[in-house]
Amino acid sequence: MGYKAPFVIVKDLASPLQCEDMVTRLKHTIPNTDQIGNPTVTYKGNKLSEMRLGAAIEQLLPVLEDYYGVDTKTVTPMVFEWYPTGYKTQKSACDGYEIVSKRGKSLLWSKTKDYDFTVVLFLNDYSDSTMFDEDFEVRGGKLQFLTHGFGFNAERGTAIIYPSRPNFANNISPVDAGNLNIAKFHIVCKKEYVYDMDNFPGGYAEWFGTS
């Protein structure tokens, strides 16, 4: 039996040189911190980097439309996220949703934006080698999907696409060394995508052939 994953992995959406250029263009210096001085994520935009990825994204959209059975309405502006050395994991979140309390007891997901899919493009490589290059590599910084029990280590130029639904709430694991840089944007469909887990039986081992 073949298993269809709810995730799409696209390698080489951007070349290593493109990734390096995008990170350089962001001109990171001092990271943001919280009230007690812990490094936090920094968000930036860059129109030039976004424009230079435009052709690759245009080629990606028909592949995703065919895979998920949808039609694209629009693509949101690209946001670059910087997770610096010392970043600590925050609560899982889902782009386009927020958690609200009901009568002070139950926690519910409330939709805030019409996102249907999220695209995460890694701009660094994960490495736990002793020959660690802080300019290009990161130790830690895994994109974690706790509901599904697994995550993706950074791989420069690789994009991870998944439905923007609470089933796919995620976070970034602690960054022990180097920096994790990702580019993120969202796809909005002409008709709202309804995620049905029955269309994607199995789990990580079956989806990615690790069983």
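Attention in this report is confined to the structure presented alongside it. (Residues numbered from 1 in each chain as written. Predicted model: local features only at pLDDT ≥ 70, side-chain atom pairs only at ≥ 80, totals over all residues. Heavy atoms only, no water.)

In space, the three strands of this open sheet follow the order 11-10-13, with antiparallel pairing throughout. At either end of the open sheet lies a strand with only one pairing partner, and these are strand 11 (150-152) and strand 13 (171-172). (Pairing = 2+ DSSP bridges. Helix = DSSP H or I, 4+ residues; strand = E, 2+ residues; numbered from the N terminus.)

Moving on, we get to the environment of Asp12. Looking at where Asp12 falls in the secondary structure, it is placed in the loop between strand 1 (8-10) and helix 1 (16-26). What makes Asp12 exposed here is its relative accessible area of 62%. A sequence separation of 144 residues divides Asp12 from Arg156, and the C-alpha atoms of the two residues are 7.9 Å apart. Contact partners of Asp12, with chain neighbours within four places excluded, come to Gly157 and Thr158. (Buried < 20%, exposed > 50% of the residue type's maximum accessible area, 1.4 Å probe, protein only. Contact = heavy atoms within 4.5 Å.)

Let us look at the packing of aromatic side chains. Summed over all chains, the structure comprises 23 aromatic pairs. Here the aromatic rings of Tyr162 and Phe168 are separated by 6.4 Å at their centres, their planes lie at 25°, and the arrangement is stacked. For the pair shown, Tyr162 and Phe168 are each scored as buried. Ring-pair connections join several aromatic residues into one group, and the members of that group are Phe7, Phe145, Phe150, Phe152, Tyr162, Phe168, Tyr195, Phe200, Tyr204, Trp207 and Phe208. When the ring centre of Tyr67 is taken as origin, the NZ or CZ atom of Lys4, which lies over that ring, is 4.5 Å away. Just above the ring of Phe132 sits the side chain of Arg139; from NZ or CZ to the centre is 4.4 Å. (Phe/Tyr/Trp six-rings, centres within 6.5 Å; stacked < 30°, edge-to-face > 60°. Lys NZ or Arg CZ within 6 Å of the ring centre and 35° of its normal.)

Everything listed is a geometric property; what it means functionally is a separate question.
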